[in-house]
Amino acid sequence: MLLLFLGATAFFVVVLRQWHSPSSNAKTAVQRVKRQFSNDLAAFNSLIRERFLPFAEKSNSPDSLKTAFLACRQAYKKLEPFAAYYFPATTRLVNGPALPEVEAEDGAVFEPGGLQVIEELVYPAFDPARRSDLVREIKKLQRELLRYTDFWQDTELTNAHVFDALRLQIFRIITLGISGFDTPNCQTAIPEAAVSLSTLRTYLSFYGSSKTEGFAALDRLFQQSENYLTTQSDFNAFDRAYFISAFANPLSSQLLAYQQQIRIQPFNEVRALRTDAKTLFDRNAFNPDFYTPNTSLRSNPIKVLLGKKLFSDPILSAGDNPAGGKRSCASCHQPDRAFTDGLSKNATLNGRNFIRRNTPTLLNVSLQSAQFYDLRSETLENQSSDVIHNKDEMHGSLERAALLLQKNKRYLEAFKKAFPNFSNRIEPIHIQNALAAYERSLISLNSRFDRFMRNEGDSTGKPVLTTEEIAGFNLFMGKAKCGTCHFLPLFNGTVPPVFTQTESEVIGVPIKPNRKQIDPDLGRYSLFALAQLKYAFKTPTVRNIAKTAPYMHNGAFQTLEEVIDFYNEGGGKGLGIQLDQQTLPAEKLNLSPREKTALIAFMKALSDSDSPVPFSSANR
């Protein structure tokens, strides 16, 4: 049986698997889950109707409004595990960012709505002149909650889906919740995380009792985690590193183990984040083949080796001799520089000018849903074609390269082995896919930070992160707000916990540090002339950032210190650049010199100390 549910950007088709219950309570548990969500949804509706909306319409007490608003936020957190899982499109209008949603290909822009929009009307102070706006937004929220009611009535649950949703909620707390992603002004992320864990504990209780083996220990861990969060009141001072390593990671791991113990197996399907990943920081938690266009283009070891050879072969670039031109992919994406080139902008093929943008790293490039700073390519296959045919970069021809490679016996034999259904003729797509397979193999998620999160010590057993680096991580995920765009654990713009969409942001990068003149590159606006996309660029990864200077799409910043200073001032708008559509908050971060140093120390700890993991069946 197939259950089809609509996501924000795609349809998700999930194969339902029959659950073989060790007891007669399986159906009862699902019914209790369904009833619990319905009760919590009814309570949320009552809270808005009887308390929040009347206050918004008549009250002159800002404190009363804030109290009612915060109660609504906590009521939503009780719904979030299943609302975000089953109804992501509606959930965006209940608790999505207070920014317009842009569907660039369709030229459509949708206004935001929900709790984060309401938050901006209530915090930091309520303006009575905007009372009508507040009332309107609350009524819009009520309508979306009615959609929840209708959708939930028609939703058929299975035990496998329940546990899938519960584990994803733990990952959502780690990546979005405690970063303040959806509480930028009220900063109630920590108590809301406690509510989330309490809710998960309630749902888990339907699947066991103190007499069930393993249940008591897991229930106790949930209680301890919730108790720890309730003792934390300061958003900026919260020790996220400790919470994740001591509580959240054990929770996700033990929840998976308990699920398997009671014979509810994880789904056997290809996802970006593997369904059987114990934590977000497992060595093989992510599957780069999720982003391939179709199953026939998935990787295999021979294809990866072929792609690696092609990556360094100038045969793909322009040239009249049989060997091709002088430039290969590796000319700009140099392995010893974390697959960058160390330049603000590389030279054009003729050597007389510069290419349009800075050369990004290829490490973990496959763990995002679109390529290039302007997101113009949805696949690595299309990305390679774009570069090869670009007159400034390689000025080559895939068709010509295929003919030249066809004449090379070693290459021809390699293509035969790499592609099972090869018809003895090298086609452009074979070249593109081999290059993409190699790039998909460049997974590098084994920094000291990752080893810290896996509770691995160094060779002497000492912690792998210093006190300063841990402080830097807590700043990254808290006061400095880096983690609200560079999402944990990939530290790029691929949105957790399903990792199917890669975001772009307008941050107002100047032509040079501290200049009040924005870089003239229009970014995504050059492809889609929508005002919201003017100067919008993909959020790149912060991993290996110590090896990938200069920074930004134009290579304007030579050092991490310059980058931190830019964000500390509030981006381009904070520098004084007129930029109404900036998505980065323009308020100063007020980071102290010591905090800046700690932040940079943490980012340097994201450098991998070993080579990307080789392709194996475990990576499929």
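This structure is a prediction, so every number in the text was calculated from the model and none was measured.

Remarks on the overall build of the protein chain
Assigned secondary structure in the protein chain consists of 20 helices and 6 strands. Computed over its C-alpha atoms, the radius of gyration of the protein chain comes to 25 Å, within 12% of the 25 Å expected for a compact globule of 620 residues. In terms of overall dimensions, the protein chain has C-alpha extents of about 80 × 60 × 55 Å along its principal axes. By sequence separation, contacts in the protein chain at least 24 residues apart represent 67% of the contacts at least 6 residues apart.

Quick notes on the layout of surface pockets
Roughly 580 Å³ of internal volume is contained in the second largest pocket. Along the walls of the second largest pocket sit 33 residues, with Pro360, Phe372, Arg376, Val387 and Glu393 positioned nearest its centre. Among the secondary structure elements, those contributing two or more residues to the lining of the second largest pocket are helix H11 (329–332), helix H12 (380–389) and helix H15 (428–440). Sort the elements by how many residues they give to the lining of the second largest pocket and H12 lands first, with 5 residues. Partitioned by chemical class, the residues of the lining of the second largest pocket number 14 nonpolar, 10 polar and 9 charged.

Quick look at the packing of aromatic side chains
Considering all chains together, one arrives at 39 aromatic pairs under this definition. With a centroid separation of 5.9 Å and 40° between ring planes, the pair formed by Phe87 and Tyr148 is classed as tilted. Here Phe87 is found in the loop between helix H2 (62–86) and helix H3 (88–95), whereas its partner Tyr148 is found in helix H5 (residues 131–153), with 61 residues between them in sequence. Classification of Tyr148 by relative accessible area gives buried; the value is 0%.

Considerations on the side chain of Thr539
Note that Thr539 resides in the loop between strand S6 (536–538) and helix H18 (560–568). Note on Thr539: relative accessible area 6%, which makes it buried. When sequence neighbours within four positions are dropped, the list of residues in contact with Thr539 reads Cys485, His486, Asn492, Gly493, Glu503, Ser504 and Glu505.

Quick word on the packing of helix H7 (residues 189–205) against helix H8 (residues 215–230)
In contact at an axis separation of 8 Å, H7 and H8 are set at 165° when each is read in the N-to-C sense. As judged from the angle between their axes, H7 and H8 are roughly antiparallel. Viewed along their axes, H7 and H8 form a crossing whose handedness is left-handed. Across the interface between the two elements, Ile190, Ala193, Ala194, Leu197, Ser198, Leu200, Arg201, Leu204 and Ser205 from H7 touch Phe215, Leu218, Asp219, Phe222, Gln223, Ser225, Glu226, Leu229 and Thr230 from H8. In terms of residue class, the contact of H7 with H8 is made up of 10 nonpolar, 5 polar and 3 charged.

Examining unusual backbone geometry
Pro496 connects to Pro497 through a cis peptide bond whose omega is 0°. Considering the arrangement of structural elements, one finds Pro497 in the loop between helix H17 (467–476) and strand S5 (504–506). With omega at -5°, the peptide bond leading from Ala549 into Pro550 counts as cis. Considering the arrangement of structural elements, one finds Pro550 in the loop between S6 and H18. With phi around 55°, Gln187 is a residue other than glycine that occupies positive phi space.

A look at the environment of Pro301
As for its position among the elements, Pro301 is in helix H10 (residues 301–311). Remark: the alpha-carbon pair of Pro301 and Ala237, spanning 64 residues in sequence, is separated by 46 Å.

Brief notes about helix H20 (residues 593–604)
Under the 1.5 Å per step criterion, the end-to-end length of H20 is 17 Å for 12 residues, consistent within 8% with the ideal 16 Å. Considering only its buried residues, H20 is in contact with helix H16 (448–453), H17 and H18.

Looking at the confidence of the model for the protein chain
With 93% of its residues at a pLDDT of 70 or more, the protein chain shows a mean pLDDT of 92. Contacts from residues 1–24, a stretch scored under 50 in pLDDT, to residues over four places away or in other chains number 58 contacts.

Topic: the nonpolar core
Of all hydrophobic cores here, the largest spans 128 residues; its most connected members are Phe82, Tyr207, Phe243, Phe449 and Met603. Beyond its immediate sequence surroundings of up to four residues, Tyr207 is in contact with Ala29, Val30, Val33, Asn159, Val162, Phe163, Tyr258, Ile262 and Ile264. Ranked by size, the runner-up nonpolar core spans 37 residues in total, among them Val304, Ile315, Cys329 and Ala437.

Some remarks on the pattern of salt bridges
Where charged atoms of side chains with opposite charge meet at close range, the side chains can pair. Tallying each qualifying case throughout the model produces 28 salt bridges. Glu269 serves as the salt-bridge partner of Arg271, at 2.6 Å between the closest nitrogen and oxygen. Taking the relative accessible area as the measure of exposure, Arg271 reaches 17% and is therefore buried. The exposure class assigned to Glu269 is partly exposed, which follows from its relative accessible area of 24%.

Re the state of the cysteines
Taken as a whole and judged by the stated rule, the model has 0 disulfides. You can see Cys332 has no disulfide; the closest cysteine sulfur is in Cys329, sitting 9.0 Å from it. A relative accessible area of 12% means that Cys332 is categorised as buried.

Describing the environment of Arg35
By secondary structure assignment, the location of Arg35 is in helix H1 (residues 26–58). With 230 residues separating them along the chain, Arg35 and Gln265 place their C-alpha atoms 23 Å apart.

Concerning H7
Over its 17 residues, H7 extends 24 Å from the first C-alpha to the last, a length consistent with the 24 Å expected when each residue adds 1.5 Å. Burial runs high along H7: 12 of the 17 residues are buried. By the burial criterion, the buried members of H7 are Ala189, Ile190, Glu192, Ala193, Ala194, Val195, Ser196, Leu197, Thr199, Leu200, Tyr203 and Leu204.

Quick notes on the environment of Leu591
Among the secondary structure elements, Leu591 is positioned in the loop between helix H19 (571–575) and H20. What makes Leu591 buried here is its relative accessible area of 7%. In the structure, Leu591 is positioned 535 residues away from Ala56 in sequence and 35 Å away in space, judged by C-alpha atoms.

Structural notes on the packing of helix H6 (residues 159–177) against H7
The relative placement of two packed helices comes down to the angle between their axes together with the axis-to-axis distance. Across the interface, H6 lies against H7 with an axial gap of 11 Å and an inter-helix angle of 170°. Here H6 lies roughly antiparallel to H7, going by the angle between them. In this structure, H6 uses Phe163, Leu166, Gln169, Ile170, Ile173 and Gly177 to contact H7, whose residues at the interface are Ala189, Ala193, Ser196, Leu197, Leu200, Tyr203 and Leu204. Tallied by class, residues from the contact of H6 with H7 come to 10 nonpolar, 3 polar and no charged.

Quick look at the side chain of Arg172
Relative to the assigned elements, Arg172 resides in helix H6. We note that Arg172 is buried and unpaired, the nearest opposite charge coming from Glu80 at a distance of 4.7 Å.

Cut-offs used in this document
Residues numbered from 1 in each chain as written. Predicted model: local features only at pLDDT ≥ 70, side-chain atom pairs only at ≥ 80, totals over all residues. Heavy atoms only, no water. Helix = DSSP H or I, 4+ residues; strand = E, 2+ residues; numbered from the N terminus. Rg over C-alpha atoms; globule rule 2.2 N^0.38 Å. Contact = heavy atoms within 4.5 Å. 1 Å grid on protein atoms, 1.4 Å probe; cavity = no way out; pocket = protein on both sides within 12 Å on 5 of 7 lines; lining within 4 Å. Points joined across faces, edges and corners; volume = space filled by probe spheres on them. Nonpolar A, V, L, I, M, F, W, Y, C, P; charged D, E, K, R; others polar. Phe/Tyr/Trp six-rings, centres within 6.5 Å; stacked < 30°, edge-to-face > 60°. Buried < 20%, exposed > 50% of the residue type's maximum accessible area, 1.4 Å probe, protein only. Axes fitted to C-alpha atoms, helices over the stretch in contact; angles between N-to-C directions. Parallel < 35°, antiparallel > 145°, perpendicular 65-115°, else oblique. Left-handed = near helix turned anticlockwise from the far one by under 90°. Expected span 1.5 Å × (residues − 1). pLDDT = per-residue confidence, 0-100. Core = buried A, V, L, I, M, F, W, Y, C linked by side-chain atoms within 4.5 Å. Salt bridge = Lys/Arg side-chain N within 4 Å of Asp/Glu carboxyl O. Disulfide = S-S within 2.5 Å. Lys, Arg positive; Asp, Glu negative; His and termini not counted.

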